[in-house]
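Summary of structural features
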Amino acid sequence: MILVTGGAGYVGSHTVLALLDKGMDVVVLDNLSTGHRDLVGNATLVVGDLTDKSFVESVFEKFPIEGVFHFAAKSIVPESMENPDTYYRNNIIGTINLLSTMKNHDVDKLVFSSTAAIYGEPDQIPITEESPKKPQNVYGHTKLFIEEILKQYFRAYALKSVSLRYFNAAGADPEGRAGEDHNPETHLLPIAFNVALGKRKEFTIFGNDYPTTDGTCIRDFIHVSDLAEAHLLAFEKLESGELSCHSFNLGSEKGYSVNQIVQTVKDITGRDFPVTYGERRAGDPAILIASSQQAHEKLQWRPKYSNLESIVSTAWMWHKKRFK
């Protein structure tokens, strides 16, 4: 049986569906602070918090867990800067509770949801796994610290792990079973859809004076179903012994400007809407594009859905269904 922490959230729920599609038994641990119980399919859902060590122990005592996919974390960057205490307690203490419990129950395989935020402002493009790690926000700091913790748990306890550093997760399950549902919503596509539907007055692009082709930021968007597939491949490599303690970038290796993305939303929705330009947000790099060559080579991972049209169209299908 596989334990998925944070499995009722965005990337977690897509990974749960991918595991279920493979015929695996899945138990989801989620406190439902941002997740949704209807997104976990036929998986077993236990509601609780990783910061409650006795609760985590009870889950491992009740279920025959063989491996863990760890998504549970607070992840809103501005909030992490305003309230670092909550982020350090939730993300780091929760993870230590999980790892300690895994050690106590002889569970030695974990796939960790990390982030490209650990790199901060890049010195070079594309960003490789060897690029300098200099996170510019508390959220990124917590993820980088957890990666370091995982190295020490492997050294001391032989707890094997793969850390997957996502770039911009986007899109929705092609079968319409899951997608983005955040409150408040902070991600680009759902906000643009809400403007297209007339639920918001206008779409604001933060900065049009970057050193890019059209002045707006360029980002590497990766389809959430491709991220889910990478998690399953990583776990298979842990099971086979081919990997033991590794980190991989997950991106499409393509850069799209915010202007391009907004225009694609207009094209796919068939709706025009007002766009304004605001000032740059502090800490927003001009260009973020991944090198995912190591994931291609060592995980045999090949994104299937990560072209801009598939990302926007699947997300639009989900958004219309979810937010009628």
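Data block above holds the structure.
Scope of this entry: the structure provided in the associated data block. (Residues numbered from 1 in each chain as written. Predicted model: local features only at pLDDT ≥ 70, side-chain atom pairs only at ≥ 80, totals over all residues. Heavy atoms only, no water.)

Before going further, it helps to examine the nonpolar core. A general tendency of soluble globular proteins is for nonpolar side chains to be buried together. One finds V4, V11, F69, L164, L250, L299 and W301 to be the most contacted residues of the largest nonpolar core, which totals 35 residues. Those elements that provide at least two residues to this core are β1 (2-5), α1 (10-21), β2 (26-30), β6 (160-166), α7 (224-240), β11 (245-250) and α9 (293-299). Not counting chain neighbours up to four residues away, the residues in contact with V11 comprise F71, Y166, A169, V224, L227 and H231. (Core = buried A, V, L, I, M, F, W, Y, C linked by side-chain atoms within 4.5 Å. Buried < 20%, exposed > 50% of the residue type's maximum accessible area, 1.4 Å probe, protein only. Helix = DSSP H or I, 4+ residues; strand = E, 2+ residues; numbered from the N terminus. Contact = heavy atoms within 4.5 Å.)

The next subject is empty space enclosed by the protein. According to the stated counting rule, one finds two cavities of 30 Å³ or more in the structure shown. The volume enclosed by the largest cavity comes to roughly 50 Å³. Residue lining of the largest cavity: G171, A172, G179, E180, L189, P190, F193, A315, W318 and H319, and that is the complete set. The set of elements that each furnish at least two residues to the lining of the largest cavity consists of α6 (188-196) and α10 (308-322). The residue inventory of the lining of the largest cavity, partitioned by class, reads six nonpolar, three polar and one charged. Considering only enclosed or pocket space, the second largest cavity measures out at about 30 Å³ in volume. If you go around the second largest cavity, the residues you meet are Y119, P122, D123, Q124, S131 and P132. Partitioned by chemical class, the residues of the lining of the second largest cavity number three nonpolar, two polar and one charged. (1 Å grid on protein atoms, 1.4 Å probe; cavity = no way out; pocket = protein on both sides within 12 Å on 5 of 7 lines; lining within 4 Å. Points joined across faces, edges and corners; volume = space filled by probe spheres on them. Nonpolar A, V, L, I, M, F, W, Y, C, P; charged D, E, K, R; others polar.)

Let us now look at the sheet that holds strand β12 (residues 256-257). Spatially, the three strands line up as an open sheet ordered β12-β9-β14, and their pairing is mixed. With one partner strand each, in any of the chains shown, β12 and β14 (287-288) form the two edges of the open sheet. The pairing of strand β9 (residues 218-219) with β14 spans two bridges and is classified as parallel. Paired with R219 across the two strands is L288, which belongs to β14. (Pairing = 2+ DSSP bridges.)

With 21 residues, helix α4 (residues 84-104) extends 29 Å between its outermost C-alpha atoms, agreeing within 8% with the 30 Å of an ideal straight helix rising 1.5 Å per residue. Buried within α4 we find Y87, N91, I92, G94, T95, N97, L98, L99, S100, T101 and M102. Tucked into the core, α4 has its buried residues touching β1, α2 (53-62), β4 (67-70), α3 (77-82), β5 (109-115) and α5 (138-157). (Expected span 1.5 Å × (residues − 1).)

Between α1 and α7, the shortest axis-to-axis distance is 8 Å and the interhelical angle comes to 60°. The angle between α1 and α7 falls in the class oblique. Along this stretch, α1 crosses α7, giving a crossing that reads as right-handed. Contacts from Y10, V11, H14, T15, A18 and L19 in α1 reach V224, S225, L227, A228, H231 and L232 in α7. (Axes fitted to C-alpha atoms, helices over the stretch in contact; angles between N-to-C directions. Parallel < 35°, antiparallel > 145°, perpendicular 65-115°, else oblique. Left-handed = near helix turned anticlockwise from the far one by under 90°.)

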